[in-house]
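These are the residues of each chain, in order.
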Amino acid sequence: MYDLLLKNGRIYDGSGMPSFVADLAIRDGRIVAIGRINEAATRILDVDGLAVAPGIIDFHTHFDAQIWWDPLGSSSNEHGVTTVIFGNCGLTLTPCKPEGRDALIGNFVRVEAMPRNTLKAGIPWEWTNHGQYLDALSRRPLGLNVATLVGHCAVRQYAMGEASVEREAKDSEISEMEELVRQGLAAGAFGFSTNSNQSHFREDGKPVPSRFASLHEIERLCRVVGQNQRGAVQFTHGAFATPEHVARISQWYDTILGETRRPLIGESIRHRWSEPDLWRKQLDDVEARARRGAASFAMTTTRLALRRWALKDSNRLDEMPAWKKVMSMPLESRKEALHNQQTRKELAEEVVPSRPAINFSRRWDSIFVNKVYRTEHKSLQGKSIEEISGLQRKSAIDAMLDLSLDEELETVFEDSITQGDEKAVAAIFRSPYVMLGQSDAGAHVASANPGFGFGTFLLSYWVRQRGIMPMEEAIRKLTFMPASIFGIHDRGLLRPGMAADVFVFDPVAIDLEKPEQVNDLPEGAPRYIQHARGIRYTIVNGSVLMDNGAHTGAYPGKVLRSQGV
Ligand SMILES: [Zn+2]
């Protein structure tokens, strides 16, 4: 007798192996069988035609505070996420002495853009050390599994007080910090995070504590992770501004990796039109370290920074003088100009990638048709101008302008400031050294582009619409890869014996809904949430947590503690 039986789903087991159709049985919170299963079960779910995958492990969140007032971890719970890792970017709420609480909150307010009143009202402060923090969480009902990292800022604040934002640490202070990291890992944290991002400040304008750390300090704290033979190091820093900064960070990485022989998650790599080749250099650096034998990883976001615009009323193209001239004309003369062959030639000459770009791609393959107004154009929606130009056997400028003029210039086009170059994105996403996520879930609450649904967007947009990688590989990147790197060894795969964290979705229908603003933070502050479509079940430790987007009332989540490797 099984507790739960999923019948006839297509199993994407998380390993990247080809998917196959089978039944999956669960008992006592664990997967017990996969195959053709005819035994009885307390509950049977017919998942014919649906994908059955391990629950997503969101490895880069900032749920440290939100989890106390929102044990479901919304909206991550609506996107197939079953485990969240927080304590990233050096920021945690533990360890913390009572007199350090305000300062710690100040880090989150500024770096992660969370309202101070919300944090003041919502954090229960039932702890001073990492073990007590995890114990306090264990006493709460939880929807998702939670796992933590030891954050450098909290450790430094605990050991040094206000001096943590003023100077380098003395030897004795570093020793105390080492002990705090050791305690955190012993209590069950899955690693250590630090932050040297030069744009990260506390609420009072002082740099966050970890920015004052010397390489010697970071080396000694990371060495504790190595000695414990468990967990990973997460290292946050800003974009590589100068060659000196690149060299410095590179040296730090080499030192940490050499010291610990643990996985290190460093660079955030994404394509930007403003620095269109930087991603290649960053990827080369990670690959070079990996070739030298280090467990070196980078991360990237699946999100786009979309801009949508129509030729009726946009300044999106103003970086290009000929476009700016035409776009500044009154509507009727603008239409006339856009018909003119000579003008079209001038406009096309500016849409070439070799021209210096600031925020715009100047590439026809990265400008997409987002919305058309006439039914006969429906088939063009979602296609790039380059694709349409090929289909219609006309030049790209003609393809774009003919379409737009045919719709009174109302056709909506879109392009993205980041991750807009699909070839670059494909290289980044497919790299074995790059983790997909960087959702920052729980942080940046006022952002209208929240990260909860990074997996949903990966599966719907990049996999289904753009075909950037096979579904099997995308699932592996969302599950087995983070589980392996952080050492969550009984999750991230669908195999007998593994914890039954399962995500069931319709690969044809899965999609993001539009973000919505709600006022549900403590003290009534607003934030953005985002629902999903096409996600049938989210199962945590064998219990259905979410059924078609609705919470079932179950709280099956656990506090995960690292077990060593
Ligand atoms: Zn972060």
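Our subject is the structure listed above.
The present account deals with the structure reproduced in this document. Only a predicted model underlies this, so the values are computations on that prediction, with no experimental measurement involved.

Let us now look at the coordination of the zinc ion. Around the zinc ion, the donor atoms from the protein are His60 (NE2), His62 (NE2) and Cys89 (SG), and they sit 2.1 to 2.3 Å away. Ordering the donors of the zinc ion by residue number gives the pattern H-x1-H-x26-C. Note that His60 is positioned in the loop between strand 6 (56-58) and helix 1 (66-69) and Cys89 in the loop between strand 7 (81-86) and helix 2 (101-111), a separation of 29 residues in sequence. Among the residues examined, His60 registers a relative accessible area of 2% and is labelled buried.

Take the packing of helix 7 (residues 215-228) against helix 8 (residues 243-260) next. Where helix 7 contacts helix 8, the two axes come as close as 8 Å, and the packing angle between them is 30°. Judged by the angle between their axes, helix 7 and helix 8 are roughly parallel. Crossing hand, helix 7 versus helix 8: right-handed. Between helix 7, through Leu215, Ile218, Glu219, Cys222, Arg223 and Gly226, and helix 8, the contact on the second element is made entirely by Gln251, Trp252, Thr255, Ile256, Glu259 and Thr260. For the contact of helix 7 with helix 8, the residue count by class is five nonpolar, four polar and three charged.

Of all hydrophobic cores here, the largest spans 75 residues; its most connected members are Leu137, Phe429, Leu459, Trp462 and Phe505. Excluding residues that lie within four positions of it along the chain, Phe429 makes contacts with Thr300, Thr301, Thr302, Gln419, Leu436, Leu458, Trp462, Ile468, Met469 and Lys477.

A word on empty space enclosed by the protein. On inspection of all chains with the given rule, the structure shows three cavities of 30 Å³ or more. One number sums up the size of the largest cavity: a volume of about 90 Å³. Taken together, Leu304, Leu306, Ser366, Phe368, Glu414, Asp415, Ser416, Gln419, Gly420, Glu422, Tyr461 and Trp462 make up the lining of the largest cavity. Looking at the lining of the largest cavity, the elements with two or more residues in it are strand 16 (412-416) and helix 16 (454-465). Among the elements that take part in the lining of the largest cavity, strand 16 stands out by supplying three residues, more than any other. Taken as a whole, the second largest cavity spans an internal volume of roughly 40 Å³. Within the residue set of the lining of the second largest cavity, elements represented by two or more residues are helix 1 and helix 3 (116-122). Classifying every residue of the lining of the second largest cavity gives six nonpolar, three polar and no charged.

Procedures and definitions
Residues numbered from 1 in each chain as written. Predicted model: local features only at pLDDT ≥ 70, side-chain atom pairs only at ≥ 80, totals over all residues. Heavy atoms only, no water. Donors = N, O, S within 2.8 Å, 3.2 Å for Na, K, Ca; no water. Helix = DSSP H or I, 4+ residues; strand = E, 2+ residues; numbered from the N terminus. Buried < 20%, exposed > 50% of the residue type's maximum accessible area, 1.4 Å probe, protein only. Axes fitted to C-alpha atoms, helices over the stretch in contact; angles between N-to-C directions. Parallel < 35°, antiparallel > 145°, perpendicular 65-115°, else oblique. Left-handed = near helix turned anticlockwise from the far one by under 90°. Contact = heavy atoms within 4.5 Å. Nonpolar A, V, L, I, M, F, W, Y, C, P; charged D, E, K, R; others polar. Core = buried A, V, L, I, M, F, W, Y, C linked by side-chain atoms within 4.5 Å. 1 Å grid on protein atoms, 1.4 Å probe; cavity = no way out; pocket = protein on both sides within 12 Å on 5 of 7 lines; lining within 4 Å. Points joined across faces, edges and corners; volume = space filled by probe spheres on them.

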